[in-house]
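These are the residues of each chain, in order.
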Amino acid sequence: MSWKLPLFKIYWDDDDLVNVDESIKSGMNWAVGAQVSEFEDLIAQSIEAKYAVTFNSGTSALHSLLLAHGIGKGDEVIVPSFTFISTANSPLFVGAKPVFADIEDETMGLDPDSVLEKINQNTRAILPVHYGGCPCHIRELKEIAEDHDLILIEDAAEAQGAKIKDKYVGTFGDSAILSFCQNKIITTGEGGAVVTDSQEIYEKLHLIRSHGRLETTNYFTSYEPFDYIDIGYNFRMSNITSALGIAQIKKLDKIVEMRRKNAEYLNKKLDNIKQIQTLNAPEDYFHVYQLYSVIAENRDDLMSHLAGAGIMSKVYFDPVHLTQFYRGLGYEENLPVTERVSQEIVTLPMFPTLQKSEMDLIVDEIRKFYG
Ligand SMILES: Cc1ncc(COP(=O)(O)O)c(C=O)c1O
């Protein structure tokens, strides 16, 4: 479907073209090359973590990260149901069990009280999500993880650049993932990364990402023999993709600023419509608005009205535990906040180049709908 106003547009410029062009024209190293580690250095620097390891998606980053932490059969991982499905699937990838906890409706992240209720002797990790670019109550979750000796892995797929006070999301836990899929804060089309301060996790991830191969130099340009010391995958991000990532990450601060400015404008306008409740991050929480979501009365009819006006909106997220797949696995959860929020929430268009006239159009159509 072609929309007058899509949910997102990618922010790109000539630097993206130049980097990809140069990479292609080199005629070498399209898979593995110097741009991969250059992009990783920039990712680590941008959120003040020690290490970053790129992957070909946020999902493969999550899968690898659970393997690297040694999570597997018999282990339980506490996850939200109010998330993209790969958060919940990642424990299943490694033979562990996802256990759903409820969210709170301030940040839409895992509710620390609900997490506490789900902890038992099999719990190994907590895997919270920073929903739509808003930091979740990660400091409280960190305390719980420490008290119960649990691994804390942040799913920061949607929240690159978000922070609480001066500390970046992705650096509170033992490790975190980012996604560079096309609707994220910066994008390489598809792509992801792990960030961590742990050298051990960093080294394991290198093996998991590339066939369990012990690499001290570029496999493709070295004639030396290589040994394989573990089972691994090909989850590598290509060098061409990393070249694009380098140009993208240099725009990170600008992109975040533009998104925040647009969100501020929309918040101001929508706060005058009583049937709409905007989501305001707690004090000291720096929201990057990968998604611009609101709670709306009569949500489904509003979405149809907006679609009729050529404005795309979408439900992020329907609960994972209610999908056919998870119901088929036997999940029958009692997650009242998750279920209520997912009935009422709607994500509206948000991207850096969103114009005031376009935001006015969204607001006018919402006003028209409610009369
Ligand atoms: C919360 C969350 N986790 C994980 C992912 C997976 O990332 P990717 O699409 O790059 O595999 C996404 C992306 O949609 C996401 O929103």
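Bear in mind that the values here come from a model prediction, so they are computed numbers and not experimental data. Sequence order as written defines residue numbering, which begins from 1 separately in each chain. pLDDT decides what is reported in this predicted model: residues at 70 or higher carry local features, side-chain atom pairs at 80 or more are listed and counted, and totals for whole chains, interfaces and linings draw on all residues regardless.

(A) Inspection of the nonpolar core at higher detail. Residues of type Ala, Val, Leu, Ile, Met, Phe, Trp, Tyr and Cys that are buried and joined through C-beta atoms within 7 Å form what is called a nonpolar core. Put simply, a residue is buried when 20 or more other C-beta atoms lie within 10 Å of its own C-beta and exposed when 12 or fewer do; between those, it is partly exposed, and each C-beta is set from the backbone. Ranked by size, the top nonpolar core spans 110 residues in total, and within it I126, I177, A193, V194, V195 and M350 carry the most contacts. Split by domain, the residues of this core number at least three in each of domain 1 (14-249) and domain 2 (252-370). Setting aside its immediate chain neighbours within four residues, V194 contacts A52, V53, A61, S64, L65, S175, I177 and L205. Where each domain begins and ends is defined by an automated method or by a domain database. Here, residues touch in the contact sense if the C-beta positions derived from the backbone fall within 7 Å of one another.

(B) Region of the structure containing the sheet that holds strand 7 (residues 167-168). In short, DSSP must find at least two bridges between two strands for them to pair. Starting at the N terminus, helices and strands are each numbered in turn, a helix being any DSSP run of H or I of at least four residues and a strand any DSSP run of E of at least two. Strand order in the open sheet formed by 3 strands is 7-6-11, with antiparallel pairing between adjacent strands. Two strands bound the open sheet, and with one partner strand each, they are strand 7 and strand 11 (285-286). Two elements, strand 6 (residues 163-164) and strand 11, share 2 bridges in a ladder whose sense is antiparallel. Following the sheet pairing, I164 is matched in strand 11 by Y285.

(C) Quick look at the sheet that holds strand 10 (residues 276-278). Strand order in the open sheet formed by 3 strands is 10-12-13, with antiparallel pairing between adjacent strands. Each of the sheet's edge strands pairs with one partner strand only, and the pair in question is strand 10 and strand 13 (345-348). Pairwise comparison of adjacent strand axes, ignoring direction, gives a mean angle of 40° for this sheet. Of the pairings in the sheet, the one linking strand 10 to strand 12 (residues 292-296) comprises 3 bridges and is antiparallel in character. From the neighbouring strand, Q277 faces strand 12, where its bridge partner is I295. Helix axes use the C-alpha atoms of the stretch in contact, all axes being lines fitted to C-alpha atoms, and the angles between their N-to-C directions lie in the range 0 to 180 degrees.

(D) Expanded view of the site of the ligand. Put plainly, near means the residue's C-beta atom, positioned from the backbone, lies within 6 Å of the molecule or strand in question. Around the ligand there are 14 residues in total, and S57, G58, T59, A157 and S179 lie nearest to it. When residues of the shell around the ligand are traced back to their parent elements, those giving at least two are helix 3 (58-68) and helix 4 (85-93). Under the grouping applied here, Gly and all other residues not named as nonpolar or charged are polar, the nonpolar ones being Ala, Val, Leu, Ile, Met, Phe, Trp, Tyr, Cys and Pro and the charged ones Asp, Glu, Lys and Arg. Split into classes, the residues belonging to the shell around the ligand amount to 4 nonpolar, 8 polar and 2 charged.

(E) Inspection of the pairing of strand 8 (residues 175-179) at higher detail. In terms of residue burial, strand 8 counts as a mostly covered element, since 5 of its 5 residues are buried. Neither face of strand 8 is left uncovered, since the one carrying S175, I177 and S179 and the one carrying A176 and L178 both have all their residues buried. In this structure, strand 5 (residues 151-155) lies alongside strand 8, joined through 3 bridges in parallel fashion. Each residue of the ladder has a partner; that of I153, found in strand 8, is S175.

(F) How the structure looks around helix 1 (residues 14-25). To estimate how far a helix should reach, multiply one less than its number of residues by 1.5 Å. Its 12 residues give helix 1 an end-to-end C-alpha distance of 16 Å, which sits within 8% of 16 Å, the value for a rise of 1.5 Å per residue. Against helix 2 (34-47) and helix 8 (239-249) lie the buried residues of helix 1. Backbone geometry just after helix 1 places G27 at a positive phi near 70°.

(G) Fine view of the domain arrangement of the chain. For the chain, the assigned domains read domain 1 (14-249) and domain 2 (252-370). Summarising the inter-unit geometry, the C-alpha centres of domain 1 and domain 2 are found 25 Å apart. Taken together, the contact between domain 1 and domain 2 spans 32 residues of the former and 27 residues of the latter. Contributions of two or more residues to the side of domain 1 that touches domain 2 are made by helix 4 and strand 6. Along the lines of polarity and charge, the residues of the side of domain 1 that touches domain 2 split into 15 nonpolar, 8 polar and 9 charged.

(H) View of helix 7 (residues 199-209). Those residues of helix 7 that fall on the buried side of the exposure criterion are I201, Y202, K204, L205, L207, I208 and R209. Downstream of helix 7 by one or two residues, H211 has phi in the positive range, about 65°.

(I) Structural view of unusual backbone geometry. Between Y316 and the following residue, F317, the backbone shows a cis peptide bond with an omega angle of 5°. Along the chain, F317 falls in the loop between helix 10 (299-308) and helix 11 (324-328). Phi at Y289 is positive, roughly 50°, even though this residue is not glycine. Judged by C-beta crowding, with 28 C-beta atoms within 10 Å, Y289 ranks as buried.

(J) Representation of the packing of helix 1 against helix 8 within the structure. In the contact formed by helix 1 and helix 8, the axes pass within 8 Å of each other and the chain directions differ by 155°. Between helix 1 and helix 8, the interaxial angle falls into the category roughly antiparallel. Here the hand of the crossing between helix 1 and helix 8 comes out right-handed. Of the residues in helix 8, those touching helix 1 at D15, D16, N19, V20, E22, S23 and I24 are N239, I240, A243, L244, I246, A247 and Q248. Its residues assigned to classes, the contact of helix 1 with helix 8 comprises 7 nonpolar, 4 polar and 3 charged. Angles below 35 degrees are treated as roughly parallel, those above 145 as roughly antiparallel, those between 65 and 115 as roughly perpendicular, and all remaining angles as oblique. Should the near helix be turned anticlockwise from the far one by less than a right angle, the crossing is left-handed, and should it be turned clockwise, the crossing is right-handed.

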